[in-house]
Every structure is written in C-alpha cells, then in structure tokens.
Amino acid sequence: EGVGLFAHVRLGARELREMLGGGLCVLDEVRGVLMGAQPRAVAHACSDPEDEGGGHLAESQAGLLDAEDVGALDLPAASLPTFESYDFVQVRSRIRYEADAVHGHHAAADREELVEILFNGVVGPMLVGVLCGVAAYTTNGASNWLIELKWEWTFALLHNGLWGLVSFPVFASLCVGYTATAASVSLLAPVACGSGIHHVKAILNGIRVPGALSLRTLAVKLVAITLVVASGLPAGREGPMVQIGAAIAAAVLGLYRNALNLKCCKLSHSARARLLDEDVHLRDYVAIGTAAGIAAAFNAPIGGVLFALEEVSTVWSQRLTLRCFFASMMGAVTMNYLVSGRKHGVIEDDALVVFGDYDLGSTLEVRELPVFLFIGTCGGLLGAAFNSLNGRLNKWRQRAHGRNGALVNLAGGSPARAKILEAAALALLCATLSFFLPLLFGCSDASTLAGDPAGAAGGSPPARSGGRAIDVHSLLVSVQCSAEGEYNEIASITLSNQHRVIRSLFSRHASGALFSAQTLLLCLLLNLATMAVVNGAAIPVGLFIPCMTVGALGGRLVGELIANSDSISAAAAAAAEVLALAGGALNATIEPLVDADGAKTAAAEAAAAAATAALATADTGFYALIGAAAMVAGVTRTTIALTVIMCEFSNDAGALLPLMATVLVAKVVADLFNPSVHDMAMGLAGFPFLDCHPPRRTSALCAEDVMTADVRALSLVARAGDVRSALSCTEHGSFPVIDVGRNGRCRYLAGAVHRYQLHALLSKKAFLRPGEVPGARPTFRTRTGHGGGSKGGTGGRQGESG
C-alpha cells in the first residue's frame, strides 16, 4: 500500500537541508539536483528490515507545510513529548564544497552573493526596524483610543447625577469585554500568551518552539496585547514587542526565501547550497527583531541592541551587532516619526531620544549612596518575592487547567472556556479594586502643585520629568471631587494609563504635594499582588511597565520619607537659629528689641519657610526612577541593557552611575533566592535550555554516562512500519542513520534524522515503489486518492510541490 509518488517534485532549501541529515547516499541525490538533474526521493527507514510494514519511505520534504508560516516545521513536533532543535551550525557537506568549487567563481554566483549580503545586511534589517516601529505605534495608538473611550463613558456617567449608579457596570463591562476578547483571540495561538521573551530566548538557544514565530501568532499577539493593555490589567506592551519583533523578522526572512524560490529567480547551484544555512539566518533575524522591538517600544535603540545581546541571545557576532544596531535605529526613528514627525515634519523633543546635558535637577550627595543601595536591596527582595509567588501560582494554574483540573471542572470540562473565564474574572477583580478603592479616600488640593498658575505665582519651581518641564495636572484624575482644582491620589494611579502614572511618579520638585506616603504604600501592595496573579493567565502580558510602576511607587515612597525627614530637620534648624538670634538680642540690651512672643512667631515662620524650601528642592522623582530600575532588575535580572534603557527613555543620562549601582545590587540580592522570571517560565514550559556554563556535577561525566544502552538506529532504506515502530517506542528527537557499506558486512554511521522529519514523511506517504533502488532515477507518478480525490495527495499544495 502507498506505493505512489507525488508528481512535479521541486526541492528547495528546506528539502535539501533535510536530505543532508539522511546519510551519504542522500548526498548523491542532492548533488544531482544541484547540478541540474531531475530531483528524486531518497529512502529513509528503520534498521530492522525483517519487520512487517508498508512501502519504503522517501525523503521528499517539498510541500511539507505552508511557506508563509515561518514556524511551520514546528507543527509536526507539537504533539510530541520532546523538543526538536534548530541546525544553527552551518552545513558542511561534500555537496556544498563541490557546488562552490564548480560554480563559485562564476560572475552570476558573485552577483547572487552580493544580493544576499545587501538584503541580509541592509534591506532586511531596515524592513524589520520599520515594521517594528509601525507595530509599536499601532498597538500604542489603538490601546490609547480604547482607554480614552472607556474613560469617557465611565466619567461621563460618574459625574452625571443618578447615572453614576451605572458607571461601574459600564466600566467593568468594558474591562471584562476587552480581556475576554483578548483571551478568546489568544486561543487561536496559545503560544502568543505571556510576554513571549522566554519563547524567543529558547529559540535563540536552539529550541524549536512550535508556532512561536508564525504569522498567526504575530496577528494574535498584536490584537490581544492591545485589548489587554486597554482593559486596565497590570500588563504592558513592551515585553510582548520582543516576540512581535522576532515574528516580524522571521516573516521578512520568509518573504526573502520565498522570492528566491520563484521560477523567475534562477539561482546558481552555489547560491542554492548557501540557502541550506536557513536556521543560521533565522537565528540572526530573530535577534535583529528582538532589538528592533525593544527599541521601538522604549524608544531606546542602544538599549534594544544590548537587550538582545544580554538577555535572549546565546550566540553573537560582530556582524550581528551592526545589523541589530541598524534595525534598532530604524525602529526608533519610525516610531518617533509616526508619533510627531508626520504631522509637522519635525520630530519633537518628547519623541526624540536625547541624552541631555547631564543635569539631574538636583545635586547628588554622598549620603544618598546608601539610600540607592537600600532601594536596590528592596528591589531585589521584592523581585525575588514576586518570582516565587508568581511561580507557585503558575504551577497551580498549570494543574488547574489540566485534565480534571479545578478550573476546568468549574468551566464544565472545557479548557478553552476555563481560560476565558479566568481572564474575565481577573479583569473584574482589578476593575472592582481600581474603581471602588478611590471612593474610600478623599481628594487633595492641586492648587499648590507646580505648574498651577496660583502655585507659580508663589515661586514654585516647575515639575520636571527626565529634565523636561511637564504639566502635572494633565496626569491627575478627579473622582468624586466637588471643588475645582482637586484630584484623587488613588484614582490618579489606579484609573490612569500606566505610562501616565510612571510620568507622574517620575515628576520632580513635587515632593509632599503629589502623592502621600500612605497612597504610595497602598498602591504598591495592590499593584504587586495583581501583577503576580495576572502574569501567567491565557493572555499576552508584559512585565516591564508593571514592574516599573511598582518600583517607581516604592522609590518615590522612600524619596517622600527622606524629603519629610529633611524638611523636619531644616525646620528645626531654622527655628533654633531664629530663637538663638532672639535670645542673643534679649541678653545684649537692657530694653529688648524683640519680645518672646515675636521670637516664637518668627521662629515658626522661619521653620515653615525652611520646610517648604526643603520639600521644593527634594527630588523624589529621581528616587522613583531608581526604584523602577531596581524592581525590573529584581524580576528580570537584566543589568546593562536595563541601565541604558532607563537612561534613554527617561532622558537622563546623568543617572547612569546611580542606576548601575542600584541595578547591580538588585540582581545580586535576587539571585540569592531564585532565577529570573523568564528562566522560571522556560522551566515551567519544559524547554531544555542549555546554559553557557554546564552544571558543575557534569564535569566528570562521559558521553556513555548519558547515552541509552538500547539504541534504535535507522537504516538508509527500510519499511514505513519499522519507522512507525521506532517512533512509537521512543521519545528522543533524533535517530542515527546506519549504512552497511558496499560489501554489506560493516556498519558505520552515515548521518542522523530528526523525529519531526520522519513524522512528516509518514504523514505525506512519500514512499518508494517496491524494488526501486535509491540510487536509480525514478519515474514519478501521480497518486490518485480514494473516491476521486485530488491528485498529488489530499490538497493542491501537495500536488504543487510534492
């Protein structure tokens, strides 16, 4: 059975690469393809020819999956208990050497190599950067529009008499609707859930993650992260931009590969042989997409390159550095142009990355260094606590969503319904806390804040964020405030966009007037708890901005406490000085110039003026910046890239040294307790991640200590039933291919074949005809399916490419 072959077989780069894993006899067939001969199918199978089985298995990989799906080869391995790996080592084979030797000196081959260099070095990175900038601008603009729509409806009802009774149902319905829609869309591509950084990190380590770079995952990620951010959950879009950028880069590489496979592009044999390094190019493009995604999200091109180098990449090269730098620059420039440049033709200061004049807005003192170290220690402890709590919750969530799990049983036995209901319940919980918590607290007066006309008349310095003057009033929210110019401190944090919250927390010269210490502590605990619960749900969730929010709340809390202490000390010193002057005057004259009551009044006025001056000069916003970096470092364990990103997007390069000290302390402290949140996610997913340094206990091991005694080897030609038997009784991802030699007496290793390749061959029924010799040129025939099916298999795609 199954003796037919697909007609019109046309082999491409993937097919040639897969053939190379089949043994030395395959090289003869590939050489015939490269030298212009008709392509043919070569047999692969099990090592025991005496078992009963079907026809012989052919190594024709053409038409395996859709070409538009860059992660298409991952799909056959999706149902397997083991993970396949990418071939990141460049193919070194006899057929490649022969092709380069025969055709490498031709002018056509030189032109093709030049085209490849131009695309991979200039055109490809430029397209990746531009598309990442467009994706970042689109998600940001769409989420902001949905947020403004939600706020407009909610606040219109809230301040409209009896209609305020339905404001919460409308607000909660919008939040739950956004989240439930995002969870429903995520079911189309489950690999799009989470931040995706651990997926990209695993891919660059050589692990083939099914569907992580597909176009479907890209579309789902873009739509779902927009809805999640708009719902008000503690989630950011910056982390998912890593996977979005990687998927965009893989799609660009796929377009280039598909263009070269067109009939109009007549490649030479040497150029076709160079396409065998497809996985190597994919690795580089994923790194390029990661750098461009971070650059477009944070407006930090240098930080994007460093993030790709430090956080996700396992292999790096000098050539890759230049390409990542170019893509990151294009991503940041595209994002800046779309934000402001397309309107007036001028990129505004708020959109442009400028290091500034190294003016911190306040002078750093030696006594602040222990404070920075303390903030770094607290950030490391909070980050480790978050990772531990979130890891435990995700382990429980994995069991609850499994077969006969608690959440699945509550959802009536449907895993998909359980994921949607869990995400909707989390959205309802966060919406309830965000809406009703501000109603329990009163309002504050905003007339004394910097930037107000009344306050400006008194000589208050303008509030600043990263060296630029900002309008603090535009960042505040008024809920249940009757008087004009009042705002609710809790609502300004819980009912506001997270980007606006961070800008308000980073605002400087507003100490003691913007947020109280009680508000900062309450919102810190609230955001930390909700962030730990939400991360891991079946929706895309980024952790950069939520971690920055928590860290900024903690840092500003420390800054407010220090500012209050300084104001009390300054007030006491001023009052003591006035009283001392008054006492000296009383002792020096017979008729006192100042009576005791006047001295007390003068001392009180001096103390109040000194306290106000101390609060005005305190820089609590800078402590918020330090705290944000400490929290992110404690959770993600990123150091160099994080420091540069914080300097770039805050426009404060002068904060470099304090940030370096704080981030280093936070990472060291957090590493004492557990790994980073991305490493924990990879461990929970079961990715066999290979670290740069192997465990110490493996130094004394030999190869035989980790090898199995019962080796299932495959021969060059065998029956399909034998292959199926080998796949069913093993779980590893690769099989050695054994050849018996010309005399049939000796056995030697001819190559290796992957499990997913064998699954693909069995599913396509690519068999040799009985009695056909692998070295002979076959006569291709079209196999007609049962019941008048289409030619060439079960679909037109198979009939087209074999």
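Each value, and the rule that gives it
In this numbering scheme, every chain counts its residues from 1 along its sequence in written order. Where totals are concerned, whole chains, interfaces and linings use all residues; where local detail is concerned, this predicted model gives features only for residues with pLDDT of at least 70, and gives and counts side-chain atom pairs only at 80 or more. Excluding hydrogens and water, the side-chain figures rest on all heavy atoms present in the structure. Strands here are runs of E lasting at least two residues and helices are runs of H or I lasting at least four, both read from the DSSP assignment and numbered beginning at the N terminus. Exposure classes here rest on a 1.4 Å probe applied to the protein chains alone. A residue is buried below 20% of its type maximum, exposed above 50%, and partly exposed in between. Two residues form a contact once any of their heavy atoms are found within 4.5 Å. The method behind every accessible area is Shrake-Rupley, applied with a 1.4 Å probe, and residues are considered shielded solely by the protein chains displayed. Lys and Arg are tallied as positive, Asp and Glu as negative. Neither His nor the chain termini are counted. By salt bridge we mean one thing: a side-chain nitrogen of Lys or Arg within 4 Å of a carboxyl oxygen of Asp or Glu. For the purposes of these results, a polar contact is taken to be a pair of N or O atoms within 3.5 Å, where, inside protein, one atom must be able to donate a hydrogen and its partner to accept one; residues adjacent in sequence count only when each atom of the pair is a side-chain atom. The length a helix should cover is 1.5 Å for every residue beyond the first. Orientation is described by axes fitted as lines to C-alpha atoms, over the contacting stretch for helices, and by angles from 0 to 180 degrees between their N-to-C directions. For this classification, under 35 degrees means roughly parallel, over 145 means roughly antiparallel, 65 to 115 means roughly perpendicular, and everything else is oblique. Only Asp, Glu, Lys and Arg are considered charged, only Ala, Val, Leu, Ile, Met, Phe, Trp, Tyr, Cys and Pro nonpolar, and every remaining residue, Gly among them, polar. Each pair of strands is called paired provided DSSP finds at least two bridges between the two strands. Pairing of aromatic rings covers Phe, Tyr and Trp, the last through its six-membered ring, and needs centres within 6.5 Å; plane angles under 30 degrees mean stacked, over 60 mean edge-to-face, and all others mean tilted.

## Here's the deal with the overall build of the protein
Turning to step 1, where the next piece is worked out: On a plain count of helices and strands, the protein comes out with 29 helices and 10 strands.
Turning to step 2, where the next piece is worked out: Within the protein, the proportion of its 802 residues that are buried is 54%.
Turning to step 3, where the next piece is worked out: Taking the intrachain contacts of the protein between residues at least 6 apart in sequence as the baseline, contacts between residues at least 24 apart amount to 79%.
Turning to step 4, where the next piece is worked out: Only carbon and sulfur atoms are counted for the fraction: they give 62% of the accessible area of the protein, which is about 35200 Å².

## So, the side chain of Glu238
Turning to step 1, where the next piece is worked out: Tracing the sequence through the fold places Glu238 in the loop between α7 (215-231) and α8 (240-260).
Turning to step 2, where the next piece is worked out: One buried charged residue, Glu238, remains without a salt bridge, the closest side chain of opposite sign being Arg237 at 4.2 Å.
Turning to step 3, where the next piece is worked out: In terms of polar contacts, Glu238 uses its side chain to reach the side chain of His499, at 3.2 Å.
Turning to step 4, where the next piece is worked out: Those residues in contact with Glu238, other than ones at most four positions away along the chain, are Ile294, Ala297, Phe298, His499, Phe544 and Ile545.

## Looking at helix α15 (residues 415-436)
Turning to step 1, where the next piece is worked out: Here α15 contains 22 residues, and its C-alpha end-to-end distance of 32 Å stays within 8% of the 32 Å for a straight helix at 1.5 Å per residue.
Turning to step 2, where the next piece is worked out: When we look at burial in α15, the residues that qualify are Ala418, Glu422, Ala423, Ala424, Leu426, Ala427, Cys430, Ala431, Ser434 and Phe435.

## Examining the side chain of Thr334
Turning to step 1, where the next piece is worked out: Locating Thr334 in the fold gives a position in helix α12 (residues 318-344).
Turning to step 2, where the next piece is worked out: Aside from chain neighbours lying at most four places away, what touches Thr334 is Gly129, Val130, Gly133 and Val134.

## Some points on the packing of α15 against helix α19 (residues 517-534)
Turning to step 1, where the next piece is worked out: At their nearest, the axes of α15 and α19 sit 11 Å apart, and the two run at 170 degrees to each other. Taken together, the axes of α15 and α19 lie roughly antiparallel to each other. On the side of α15, the interface is formed by Leu426, Cys430 and Leu433, while α19 contributes Leu526, Thr530, Val533 and Val534.
Turning to step 2, where the next piece is worked out: Here the contact of α15 with α19 is built from residues that sort into six nonpolar, one polar and no charged.

## What about the pairing of strand β8 (residues 734-739)?
Turning to step 1, where the next piece is worked out: Pairing analysis gives two bridges linking strand β7 (residues 714-715) to β8, with the strands arranged parallel. Residue Leu714 lies in a different strand from β8, and its bridge partner there is Val737.
Turning to step 2, where the next piece is worked out: Here β8 runs beside strand β9 (residues 748-754); their pairing, made up of six bridges, is antiparallel. Across the sheet, Asp739 pairs through a bridge with Tyr748, a residue of β9.

## A few points about the packing of aromatic side chains
Turning to step 1, where the next piece is worked out: Here the structure, examined in full by the defined rule, presents nine aromatic pairs.
Turning to step 2, where the next piece is worked out: Geometrically, the ring pair formed by Phe119 and Tyr256 is stacked, given 4.0 Å between the ring centres and 15 degrees between the ring planes. Remark: Tyr256 occurs in helix α8 and Phe119 occurs in helix α4 (residues 107-158); sequence separation between them is 137 residues.
Turning to step 3, where the next piece is worked out: You can call Phe119 buried: its relative accessible area is 12%.
Turning to step 4, where the next piece is worked out: Judged by relative accessible area, which is 14%, Tyr256 ranks as buried.
Turning to step 5, where the next piece is worked out: Summarising the aromatic geometry, the rings of Phe372 and Phe622 are spaced 5.8 Å apart at their centres and angled 75 degrees between planes, so their arrangement reads as edge-to-face. Taken together, the positions of Phe372 in helix α13 (residues 368-400) and Phe622 in helix α22 (residues 620-636) put the pair 250 residues apart, joining distant regions of the chain.
Turning to step 6, where the next piece is worked out: With relative accessibility at 2%, the residue Phe622 sits in the buried group.
Turning to step 7, where the next piece is worked out: Ring pairing ties together the aromatic residues Phe168, Phe171, Phe435 and Phe436, which thus form one cluster.

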